[in-house]
Structures are given as structure tokens and as C-alpha cells.
Amino acid sequence: MNIPRTSFPRIVIIGGGFAGVALAKKLSKQEVQVVLLDKNNYHTFQPLLYQVSTGGLEPDSIAYPIRKILKDFPNFYFRLADVEEIDIDKNKVKTNIGKLKFDYLVVASGSTTNFFGNTEVEKHSMAMKTIPQSLNLRSLILENFEEALLTSDLNERNALMNFVIVGGGPTGVELAGALAEIKKGILPKDYPDLDTRLAQIHIIQSSDCILKGMSEKASSKAEDFLEKLGVNIWKNVRVTNYDGKTVTTNTDLTFETATVVWAAGVKGATIKGLDAEDFVTRGNRLTVNEFNQVKGFKNIFAIGDIACMASDEFPYGHPMMAQPAIQQGDQLGDNILELIENKPMKSFSYKDKGSMATIGRNKAVVDLKNVRFQGVFAWFVWMFVHLFFLIGFRNRMVVFVNWVYNYVRFDREARLIIRPFKNKLKH
Ligand SMILES: Cc1cc2nc3c(=O)[nH]c(=O)nc-3n(C[C@H](O)[C@H](O)[C@H](O)COP(=O)(O)OP(=O)(O)OC[C@H]3O[C@@H](n4cnc5c(N)ncnc54)[C@H](O)[C@@H]3O)c2cc1C
């Protein structure tokens, strides 16, 4: 991998997401050698993926080169590498570009879409966890409209314009709101010869409310906003299968559709060698102690989505969100330095800064620690927070300008089929 051996201890970080980047930033001015490995050369701001999928933002504005984030740090090395295995006996990682020994290893590999073992659903539905997946979804949505325009078969046209989102969490809600705005603002302009009333957007939620992790008020208000936008919400309904044409559920409800977006859950992205039952717990996450040390190890840590730190307050680990990932990365930076100096480490304590979701133009719900609000002000807060946490001045500017433009013009100019996605109804 062409990384020199120095007298400094070598800390290998797998993953340049929120957790890995926070840790690398913390460590890179210290007397340690930091090697960050990621299969992408960019950091992805996942909370805005749905805007890429719906043509509101270009993908480049929510991605940032990892090398640039850490360019000023002398002992920092980035390698574009897919980590295939962790050799826990020899303290080595095996990657597609070679092997590397570590003194300390931090797994920050995040999570992947959880289809709960349903391979048929996995084969036919769309995930939205990465930029390429979001671009696939964007192409599919637009290709569906183009095909709907051509077909004379009404059932096929309905299926092409029927969008089913499985999961009523923030991702499902935000995507449904954006699709509803496309239906209202873009379709009539782009496809004047298509009966755009046929476009239906459905959210299927297995429990009795959407935005389950948020307050009752936020959940009911979001539902209200979505219903006003024409989104159909099906609660207490669980998807049992999707064969590429029909969604079946545990009730009599079925949906004929060419597009199913699976936003019903994620699971830890474990890596071979550290994926045995001894280390892995609920949600395929690695069991860690209060210092983020993986169960049974002193020098192997896990942070962010992949880590499950169970406590009385969080019996199933912290929520798989950006804030726990950032805070764990930040704190582990201090703790590793303490460990190197044989000093006691500090237990991690999560500072919950609240949660929020946007449903569309002027519509958002915000739950902070002591205050909850919804509507226009919440929408401005949502925008400000997302701009603040985006990495890179250019990205912030581009996103801000896009949002202003979209707001003023009721538009989404990135509705481009750059890389066509094979239409599943036809092939
Ligand atoms: C659509 C969507 C919307 C979201 N919205 C919100 C939101 O509004 N608010 C919020 O707080 N959270 C949100 N989240 C969740 C949030 O993005 C995650 O909790 C957060 O990204 C976790 O950070 P992480 O560093 O653990 O993992 P990630 O950010 O996922 O980073 C993991 C990194 O590891 C790399 N990697 C994985 N495996 C390997 C390997 N084997 N070899 C090399 N590299 C590897 C990946 O390429 C990636 O760069 C959203 C997530 C999604 C998908």
C-alpha cells in the first residue's frame, strides 16, 4: 500500500463516513500515523441523498473528496481500498489493493440496506444508501415517466406512475414529500400530454405511525403534511414480497408498481473476520463497550452505525444517525491517545441534539431537547442544520443556491437521465 513504517503507532480506520472522518480529524495532528481506507474516494452526506434521487441536487454537491478533508495533516494517509477481511490474530487488514498491519484498528464501515432476508424484494426494489443508488433511482423515476407516455396499456401506465416507498422513517417521508412535489410542480410542465393525476405515491409502514422515533406531534403533523400533498399512507401494513410487478402485503392490499423504494431499515456493514456471532449483535452491529472497544479486543474499535453500545438508556445501541457517529469518532480520538499513553479512557456519553425531517416546501418537523415545532420555521431550521453539517464551502454554496433557485422557480433542474437504469418492467 506504499505506507511507510514510522515510530508512531499506526491507526487504521475503515470508512470515511461521519464517524471515520470525525476520528481522523481528531487524530491527524497527533503523534500517530493515521491510515484511512474507503472504497470510495469521497465522503457522502447521506441525509440529502433523497434530493439527488428526485433531481433537487446534483450528486457532486453532497459528496466531498476524503483526501481534501484531511489534506493538511502530515501523518495522514488515504487509500482507495475495499477492505475484504480483518485478520484479528495477525492485526492485519486485507484489501483489494494489498494487506496492511495495524496497531489500532477502528471499524467505521457504517451500514447497508436491510431487506430482512427477502431476496426477491432485494432483487427488485431500489435502495437509497449511496450516491450511485440514488442516481439509479433518479433515472428509474424519469425513465418510468418517459415510458408511461408511450404505452397505450393503462395498467402498465398506472404501474409506471405508481411509487411505493416501504418505510415511514425520515428517509421514506422525505422521499415521498419530494415525489409529491414533482407530481405537482414538474410533471404537468414536462409531460403536458400525460395524465399526471395517475401518479400515486404510497408509504407503507409496518407500525401505527410514521416517524416513529420522533414525538407524537411531529409524527401526526408529518402525516398531515403528506396527506395534503396527496401521499397515501398505509399504516400497520407489512410488505411480504415484490416480484418486480406486484407488492404483496400481510393484508389484502396489493400494489402494481414499477418502482419500490426500500427505506425500511439498515443493518451494520460488517467485514469478514470480525463478523462472527461473538462480536455481532442485533442489527448486525458490532458489540462495543463504553469506550467503543469491540467485545474481546483492546486495540480494535467500532464507531458509528456499525457499533452497538448498549446501555440502560439505549438498550439496542445508539440510533443509526450522523450525530452518534460524529460524537463517537470525536471521543475515540481522545481515548486512543489516552490508551497509547496507558491512561484511563473516558466513557462515551451521547448528547442528543434532537431530530428533524422535512416533508417539502415550507414543511418540516423538528424535535429538539426542550422544544418541538413544525411548519415553515422548522423548515428553515432543517435547511440551516443540513447546510451547516455539509462538508465543504463549495458544497454549501451550491446546495444553498440550488435550494433558493428551486424555491423561487418551483423547479428541480437535475432531472436528468445521465446513466439509464434498466427498466424492470420490460427486462
Ligand atoms: C437516505 C438516508 C438519509 C439519512 N438521513 C439522516 C438524517 O437526516 N439525519 C441523521 O442524523 N442521519 C441520517 N442518516 C443516517 C446517517 O447518514 C448515518 O447514521 C451515518 O452516515 C453513519 O455514519 P458512519 O460513519 O457510521 O457510516 P457512513 O457514513 O455510512 O460511512 C461508512 C463509510 O465506510 C465505507 N465502507 C464501508 N465498508 C467498507 C469496506 N469494506 N471497505 C472500505 N470502505 C468501506 C463506505 O464507503 C462509507 O464511506 C441517513 C441515512 C440515509 C441512508
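Not measured: the values here are computed from a predicted model. Position numbers for residues start from 1 in each chain and track the written sequence from start to end. Local features are withheld for residues below a pLDDT of 70 in this predicted model, meaning they are given only at 70 or higher, and side-chain atom pairs are given and counted only at 80 or more; totals for whole chains, interfaces and linings count all residues. Side-chain measures here rest on the full set of heavy atoms in the structure, leaving out hydrogens and waters.

Trainee: So what about the overall build of the chain? Which residues, and what values?
Mentor: The secondary structure content of the chain amounts to 11 helices and 25 strands. Relative to its length of 427 residues, the chain is compact, with a C-alpha radius of gyration of 22 Å against a globular reference of 22 Å. In terms of overall dimensions, the chain has C-alpha extents of about 70 × 45 × 40 Å along its principal axes. Residues counted as buried form 53% of the 427 residues belonging to the chain. We call two residues in contact whenever any of their non-hydrogen atoms come within 4.5 Å of each other. Taking all contacts inside the chain whose residues are at least 6 apart in sequence as the whole, residues at least 24 apart take part in 65%. The helix count covers DSSP runs of H or I at least four residues long, the strand count covers runs of E at least two residues long, and both are numbered beginning at the N terminus. Radius of gyration: over C-alpha atoms. The globule rule applied is 2.2 Å multiplied by the number of residues raised to the 0.38 power. Classification of residues uses two cut-offs on accessible area relative to the type maximum, computed with a 1.4 Å probe and protein chains only: under 20% is buried, over 50% is exposed, and between them is partly exposed.

Trainee: Give a description of the domain arrangement of the chain that names residues and reports values.
Mentor: How big an interface is tends to be expressed through the accessible area that disappears when the partners come together. As used throughout, domain bounds are those supplied by an automatic or database domain assignment. Split by domain assignment, the chain resolves into domain 1 (10-113 + 266-341) and domain 2 (119-264). Spacing between the C-alpha centres of domain 1 and domain 2 amounts to 32 Å. Residue-level contacts link 19 residues of domain 1 with 17 residues of domain 2. A 1.4 Å probe defines the accessible area here, and the buried area is the portion of it lost by two parts on being joined, summed over both. In total, about 1400 Å² of surface goes out of reach between domain 1 and domain 2, with carbon and sulfur atoms giving 68% of it. The salt bridge definition used is simple: a Lys or Arg side-chain nitrogen within 4 Å of an Asp or Glu carboxyl oxygen. Summed over the shared surface of domain 1 and domain 2, the number is 0 salt bridges. In protein, a polar contact means a hydrogen-donor-capable atom and an acceptor-capable atom, both N or O and within 3.5 Å, with residues adjacent in sequence counting only if both atoms are side-chain atoms; elsewhere, any N or O pair within 3.5 Å suffices. If you look at where domain 1 meets domain 2, you find 2 residue pairs in polar contact (both at pLDDT 80 or more). When contributions to the side of domain 1 that touches domain 2 are tallied by element, the ones reaching two or more residues are strand S3 (42-44), helix H2 (49-53) and strand S10 (111-113). Among the elements that make up the side of domain 1 that touches domain 2, the one with the highest residue count is H2 (4 residues).

Trainee: Tell me about helix H11 (residues 393-409), and name the residues and values.
Mentor: Three- or four-residue spacings in an α-helix give side chains the same orientation, since the helix completes a turn every 3.6 residues. Given the number of residues in a helix, its expected span is that number minus one, multiplied by 1.5 Å. Between its first and last C-alpha, H11 extends 24 Å over 17 residues, near the 24 Å set by a 1.5 Å rise per residue. Inspection of H11 places Asn395, Val399, Asn402, Trp403 and Asn406 among the buried residues, and these make up the whole buried set. For H11, the buried positions fall inside an angular range of 100° around the axis, keeping them on one side. Residues of H11 that are exposed and point more than 90 degrees away from the buried face comprise Phe393, Arg394, Val408 and Arg409. Next to the buried residues of H11 lie H2, strand S4 (63-65) and helix H10 (376-389). Phe410, located one to two residues past H11, shows a positive phi value of around 50°. Here the arc refers to the set of directions running from the helix axis out to each C-beta atom.

Trainee: Describe unusual backbone geometry, and please don't skip the residues or the numbers.
Mentor: One non-glycine residue, Asn342, lies in the positive phi region at around 60°. Here Asn342 lies in the loop between helix H9 (322-340) and strand S23 (355-360). Here Asn342 falls in the exposed class, since its relative accessible area comes to 72%. Although it is not a glycine, Phe410 sits at a positive phi angle of roughly 50°. Within the secondary structure layout, Phe410 lies in the segment after H11. By relative accessible area, which is 52% here, Phe410 ends up exposed.

Trainee: Could you give an account of the site of the ligand, naming the residues involved and the relevant values?
Mentor: Neighbouring the ligand are 27 residues; Ala19, Asp38, Gln46, Val83 and Asp305 lie closest to it. The side chain of Gln46 places a nitrogen or oxygen atom 2.9 Å from an oxygen atom of the ligand. Residue burial considers only the protein chains on display, and all accessible areas are found by Shrake-Rupley using a 1.4 Å probe. Surface burial for the ligand is 89%, taken as the share of its 990 Å² of free accessible area covered by protein chains. Of all elements in the fold, only helix H1 (18-27) and H9 reach the threshold of two or more residues within the shell around the ligand. Side-chain classes follow a simple rule in which Ala, Val, Leu, Ile, Met, Phe, Trp, Tyr, Cys and Pro form the nonpolar group, Asp, Glu, Lys and Arg form the charged group, and the remainder, Gly included, forms the polar group. In terms of residue class, the shell around the ligand is built from 12 nonpolar, 10 polar and 5 charged. Each of two domains, domain 1 (10-113 + 266-341) and domain 2 (119-264), supplies a minimum of three residues to the shell around the ligand. Neighbouring residues are identified by heavy atoms, a residue being near a molecule or strand if any of them is within 4 Å of it.

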